[in-house]
Amino acid sequence: MNETTIHLSKEAGPIGIFDSGYGGLTILHGIRQLLPDYDYLYLGDNARTPYGPRSFDVVYEFTRQAVVRLFELGCHLVILGCNTASAKALRSIQQNDLPHLDPERRVLGVIRPTAEVIGSLTKTRHVGILATEGTIKSESYNLEIKKLFPDITVTGVACPFWVPLVEYNEADSPGADYFVKKRIDQLMRLDPQIDAIILGCTHYPLLMPKILKYISPGVRIVPQGEYVADSLKNYFERHPEMERKCSKGGNVHYLTTENPEKFKESAQIFLHEPVNVENITF
């Protein structure tokens, strides 16, 4: 681990949301719907996206850099709104870095909250995961679900073309049908008993019309935004000391490691509203 000396404010600050690109905006949107009074600071590492194909070590280092920067900018709580970062970096940051950076600050992910609810959403006890290659290879969903629900069978399929479809604004195009149908069919061939499918990438909810078109009746689709929001609300109820460290002004600020104008254009695909964004470097 790289030793880092940073100066951290004790004042209340925004809730940090980190993602390798734009997908975490769906997590931010879900949280703001439930908890609109808080301040939020979104950081997208768009210059180095995608994280999915990168090694564990690289994803860990990139994610750690982002977490440190969000801490420096006043966040006491950072949510990794990125499945790949949650899968490859969260545990190392929690166990190895927080004790040195500030043991009173917290970093949370998006995989555990989804795993916690899946037991109540499946009747057959057969669950599917559609995610990036990195998330599928990490087996993070399998491990988390098995810890909580040993009786559930988990089957995952990587969907390498789904993120580009969203980011190039092709989610509604006829060409998207081929790629969406192909992966859903592959998943259901591997386990026809699946009755709940977790969308294990924060981009995928933007493909929801296509996904719903090709799933069988009775199969439930599980996007993450609402469950992460519910989990955060519950976390604040259990940890009022952390809730008090999160400022409340209803403000949202956006940071990107890429071109701010490009971020503004792409962010509207996810949020359907204009955003103010600044460039940031590590």
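Since the model is a prediction, treat every value here as computed from it, not as a measurement.

Asks: Would you mind going over the sheet that holds strand β4 (residues 106–108) with me for this structure?
Replies: On the basis of which strands lie adjacent, the open sheet formed by six strands has the order β4-β3-β1-β2-β9-β10 and parallel pairing. Whereas interior strands pair on both sides, the edge strands pair on one side only; in this sheet they are β4 and β10 (277–279). Across the sheet, the axes of successive neighbouring strands diverge by a mean angle of 20 degrees, strand direction being ignored. On the sheet, helix α1 (residues 24–34) packs against β1 (15–19), β2 (40–44), β3 (77–80) and β9 (252–256) and is oriented at approximately 170 degrees with respect to β2. Relative to the sheet, helix α4 (residues 90–101) contacts β3 and β4, its axis offset from that of β4 by approximately 170 degrees.

Asks: For this particular structure, what's the right way to read the pairing of β3?
Replies: Each regular strand displays side chains that alternate between the two surfaces of the sheet. Burial along β3 is two-sided: the face carrying Leu77 and Ile79 and the face carrying Val78 and Leu80 are both buried. In terms of strand pairing, β1 meets β3 through three bridges, oriented parallel. When the bridges of β3 are listed, Gly16 appears paired with Val78. For β3 and β4, the ladder comprises three bridges, and the chain directions are parallel. Across the sheet, residue Ile79 finds its bridge partner in β4, namely Leu108.

Asks: Would you mind showing me how to read unusual backbone geometry here?
Replies: With the exception of glycine, the majority of residues adopt a negative phi angle, and the majority of peptide bonds are in the trans configuration. In this model, Thr49 is joined to Pro50 through a cis peptide bond whose omega is 5 degrees. Following the sequence through the fold, Pro50 ends up in the loop between β2 and α2 (56–72). The backbone of Glu139 shows a phi angle near 60 degrees, a positive value even though the residue is not glycine. For Glu139, the position within the fold is in the loop between α6 (133–138) and α7 (140–148). Residue Glu139 is classed as partly exposed on the basis of its relative accessible area, which comes to 45%. Phi is positive for Asn169, which is not a glycine, with a value near 60 degrees. By the element assignment, Asn169 lies in the loop between α8 (162–167) and α9 (174–190). The exposure class of Asn169 is exposed, given its relative accessible area of 55%.

Asks: Just checking my understanding: could you explain the nonpolar core for this structure?
Replies: Among soluble globular proteins, nonpolar side chains are generally buried collectively. In terms of nonpolar packing, the biggest core is built from 52 residues, with Ile15, Ile31, Leu130 and Phe236 touching the most fellow members. Once you skip the residues sitting within four places of it in the chain, Phe236 turns out to touch Ile15, Leu35, Tyr38, Leu77, Met242, Glu243 and Cys246. Tyr60, Cys75, Val107 and Leu255 belong to the second-largest nonpolar core, a separate cluster that totals 26 residues.

Asks: Looking at this structure, how should I read helix α11 (residues 225–238)?
Replies: Each α-helix turn comprises 3.6 residues. Residues three or four places apart therefore point the same way. Compared with an ideal rise of 1.5 Å per residue, which puts 14 residues at 20 Å, α11 spans 20 Å between its outermost C-alpha atoms and is within 8% of the ideal. Along α11, the positions that sit buried rather than exposed are Gly225, Tyr227, Val228, Ala229, Leu232, Tyr235 and Phe236.

Asks: What is the right way to read helix α13 (residues 260–271) from this model?
Replies: A rise of 1.5 Å per residue sets the reference length of α13, with its 12 residues, at 16 Å; its end C-alpha atoms lie 16 Å apart and thus fit the reference within 8%. Looking at α13, one finds that the buried residues are Phe263, Ser266, Ala267, Ile269, Phe270 and Leu271. One side of α13 carries all its buried residues, which in axial view fall inside an arc of 165 degrees. Opposite the buried face of α13, at more than 90 degrees from it, the exposed residues are Glu261 and Glu265. Next to the buried residues of α13 lie α1, β2, α8, β9 and β10. Immediately downstream of α13, the backbone of His272 shows phi near 55 degrees, a positive value.

Asks: Is there a simple way to explain the state of the cysteines in this structure?
Replies: Each disulfide consists of one covalent bond between the sulfur atoms belonging to two cysteines. Scanning the model with the defined rule gives zero disulfides in all. Distance from the sulfur of Cys82, which forms no disulfide, to the nearest cysteine sulfur (Cys201) is 7.6 Å. According to the relative accessible area criterion, Cys82 is buried, its value standing at 4%.

Asks: Would you mind showing me how to read the sheet that holds strand β7 (residues 196–199) here?
Replies: Across a sheet, paired strands are connected by hydrogen bonds in the backbone, their directions being either parallel or antiparallel. Here we have four strands laid out as an open sheet, ordered β6-β5-β7-β8, and parallel in their pairing. The sheet is open, and its two borders are formed by β6 (153–158) and β8 (220–222), each paired with just one other strand. The sheet shows a mean angle of 25 degrees between the axes of neighbouring strands, direction not considered. Sheet topology note: the strand β5 (residues 126–131)/β7 ladder contains four bridges and is parallel.

Rules behind the numbers
- Residues numbered from 1 in each chain as written.
- Predicted model: local features only at pLDDT ≥ 70, side-chain atom pairs only at ≥ 80, totals over all residues.
- Heavy atoms only, no water.
- Pairing = 2+ DSSP bridges.
- Helix = DSSP H or I, 4+ residues; strand = E, 2+ residues; numbered from the N terminus.
- Axes fitted to C-alpha atoms, helices over the stretch in contact; angles between N-to-C directions.
- Contact = heavy atoms within 4.5 Å.
- Buried < 20%, exposed > 50% of the residue type's maximum accessible area, 1.4 Å probe, protein only.
- Core = buried A, V, L, I, M, F, W, Y, C linked by side-chain atoms within 4.5 Å.
- Expected span 1.5 Å × (residues − 1).
- Arc of directions from axis to C-beta.
- Disulfide = S-S within 2.5 Å.

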